[in-house]
Amino acid sequence: MFPHYRLVGFCGLPGAAALGRLGTGTPARRAAEVEKVAHRYAAGREPLPVLELLATVANASAGPDGTYRSRTPAATIRRFHDVARDRRAMLLLNIQPGRAPVLDEVKALREWLLHPDVGIALDPEWEMDRGQVPGDTYGRTSGQELTRVARYLSGLVEAHDLPQKPLVFHQVAPSVVQEQSALRPQPGVALIKSADGIGSPSLKRGTWQRLVRDLPDGLHTGFKLFYEEDAEGSRLMTPKEVLALKPQPEYVMYE
């Protein structure tokens, strides 16, 4: 996948405009839009458009099973996968696990992960311990847990002769990923650490510098932008400014 491609994507869930760009308009319209944005980030690489669909969504209420999460219907995932395939894009299935075990949520998406153009994105700030409620505090993951997910994906890649799969984890603060040094790359999986966080260009550069310091070997980088929140009281960073970051992000995602 790298360094041949640069991934550029929109995230969200249909009907939920507050959760990202994919929450408005049709999947086909959003896919056409992100394809245009992706070409602005090529910079010598082949741009690969991404649709990052929320497949597991953290909730403020426990729900009938007490997991504080809901799953996106298969029909919705299928609709986005069909569009991604038509546009030669990548579908990333984003997981906000609430109190549900992360690996269980990944395994629940197995039928989609057997497709060559489907990967996983994790939002560990929404991964809650017992007694925690999504939205009240930041959740967290660990290098060991990320390795377990990567190992599962690696097994699917090997068993089904699939191309390399991206595994993205979004990180809004250092505390969200514990023991990062324990993260171990796995064959057939491209690990991508995406720097999250809202703010002005200078604030976002500061967050970037803190999060990319002392990266483990084999870990690629991503950068997240917010169309509305970043622009409140400031402005959205330009592609030129994003590509000037060191190391240069290999995945750029807009919410």
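Just so we're clear, the structure is a prediction, and the values are computed from it rather than from any experiment.

So, how was this worked out
- Residues numbered from 1 in each chain as written.
- Predicted model: local features only at pLDDT ≥ 70, side-chain atom pairs only at ≥ 80, totals over all residues.
- Heavy atoms only, no water.
- Helix = DSSP H or I, 4+ residues; strand = E, 2+ residues; numbered from the N terminus.
- Rg over C-alpha atoms; globule rule 2.2 N^0.38 Å.
- Contact = heavy atoms within 4.5 Å.
- Areas by Shrake-Rupley, 256 points an atom, 1.4 Å probe, with all protein chains shown as cover.
- Salt bridge = Lys/Arg side-chain N within 4 Å of Asp/Glu carboxyl O.
- Buried < 20%, exposed > 50% of the residue type's maximum accessible area, 1.4 Å probe, protein only.
- Axes fitted to C-alpha atoms, helices over the stretch in contact; angles between N-to-C directions.
- Parallel < 35°, antiparallel > 145°, perpendicular 65-115°, else oblique.
- Left-handed = near helix turned anticlockwise from the far one by under 90°.
- Nonpolar A, V, L, I, M, F, W, Y, C, P; charged D, E, K, R; others polar.
- Pairing = 2+ DSSP bridges.
- Phe/Tyr/Trp six-rings, centres within 6.5 Å; stacked < 30°, edge-to-face > 60°.

(A) A look at the overall build of the chain. The helix and strand inventory of the chain stands at seven helices and eleven strands. Computed over C-alpha atoms, the radius of gyration of the chain comes to 17 Å, within 12% of the 18 Å expected from 2.2 N^0.38 for 255 residues, which places it in the range of a compact globule. Summarising its shape, the C-alpha atoms of the chain cover approximately 45 × 40 × 35 Å along the three principal directions. Long-range pairs, those at least 24 residues apart, make up 73% of the contacts in the chain with a sequence separation of at least 6. Summed over its atoms, the accessible surface of the chain is roughly 11,200 Å², and 49% of this surface lies on carbon and sulfur atoms.

(B) Looking closely at the pattern of salt bridges. Counted according to the given criterion, the structure contains 14 salt bridges. Where Glu-33 meets Arg-30, a salt bridge forms, and the shortest distance between an N and an O atom there is 2.8 Å. Of this pair, Glu-33 and Arg-30 both sit in helix α1 (residues 27–39), three residues apart, which is roughly one turn of that helix. This pair shows no difference in class: Glu-33 is buried, exactly as Arg-30 is. Measuring nitrogen to oxygen at the nearest pair gives 2.7 Å for the salt bridge that ties Glu-35 to Arg-87. Within this pair, whereas Glu-35 is found in helix α1, its partner Arg-87 is found in the loop between α2 (74–86) and β4 (90–95), the two being separated by 52 residues in sequence. Judged by its relative accessible area of 33%, Arg-87 falls in the partly exposed class. Among the charged side chains, a salt-bridge network with shared partners connects Asp-65, Arg-69, Arg-71 and Glu-105.

(C) Fine view of the packing of α1 against α2. Where α1 meets α2, the axes come as close as 10 Å, and the angle between the chain directions of the two elements is 40 degrees. Regarding the angle of α1 to α2, the classification is oblique. Crossing of α1 against α2: the hand is right-handed. Residues Pro-27, Ala-28 and Ala-31 of α1 lie in contact with α2, whose contacting residues are Arg-79, Phe-80 and Val-83. Tallied by class, residues from the contact of α1 with α2 come to five nonpolar, no polar and one charged.

(D) Expanded view of the pairing of β4. Burial within β4 is extensive, with six of its six residues counted as buried. On β4, burial covers both faces: Met-90, Leu-92 and Asn-94 on one face and Leu-91, Leu-93 and Ile-95 on the other are all buried. As paired elements, strand β2 (residues 46–58) and β4 share six bridges and run parallel to each other. Within β4, the residue paired with Thr-56 across the bridge is Ile-95. Relative to strand β5 (residues 118–122), β4 runs parallel, the two being bridged by five bridges. Residue pairing for β5: Leu-92 is matched across the bridge by Gly-119.

(E) Quick look at the packing of aromatic side chains. By the definition in use, this model includes five aromatic pairs. Here the aromatic rings of Phe-10 and Tyr-227 are separated by 6.1 Å at their centres, their planes lie at 70 degrees, and the arrangement is edge-to-face. Taken together, the positions of Phe-10 in strand β1 (residues 5–12) and Tyr-227 in the loop between β10 (220–225) and α7 (239–243) put the pair 217 residues apart, joining distant regions of the chain. Centroid distance Trp-208 to Phe-223: 5.6 Å. Interplanar angle 80 degrees. Geometry classified as edge-to-face.

(F) Representation of the environment of Gly-188 in the model. Summarising the element assignment, Gly-188 is placed in the loop between β8 (177–178) and β9 (189–195). For Gly-188, a relative accessible area of 24% puts it in the partly exposed group. If we skip the residues at most four places from it in the chain, Gly-188 touches Val-157, Pro-163, Gln-164 and Lys-165.

(G) Up close: the side chain of Gln-171. Inspection of the secondary structure puts Gln-171 in strand β7 (residues 165–171). With relative accessibility at 2%, the residue Gln-171 sits in the buried group. If near-sequence neighbours (up to four positions away) are discounted, Gln-171 is found in contact with Val-176, Val-177, Gln-180, Lys-193, Ser-194, Ala-195, Asp-196 and Leu-211.

Keep in mind these numbers describe shape, not what the thing actually does.
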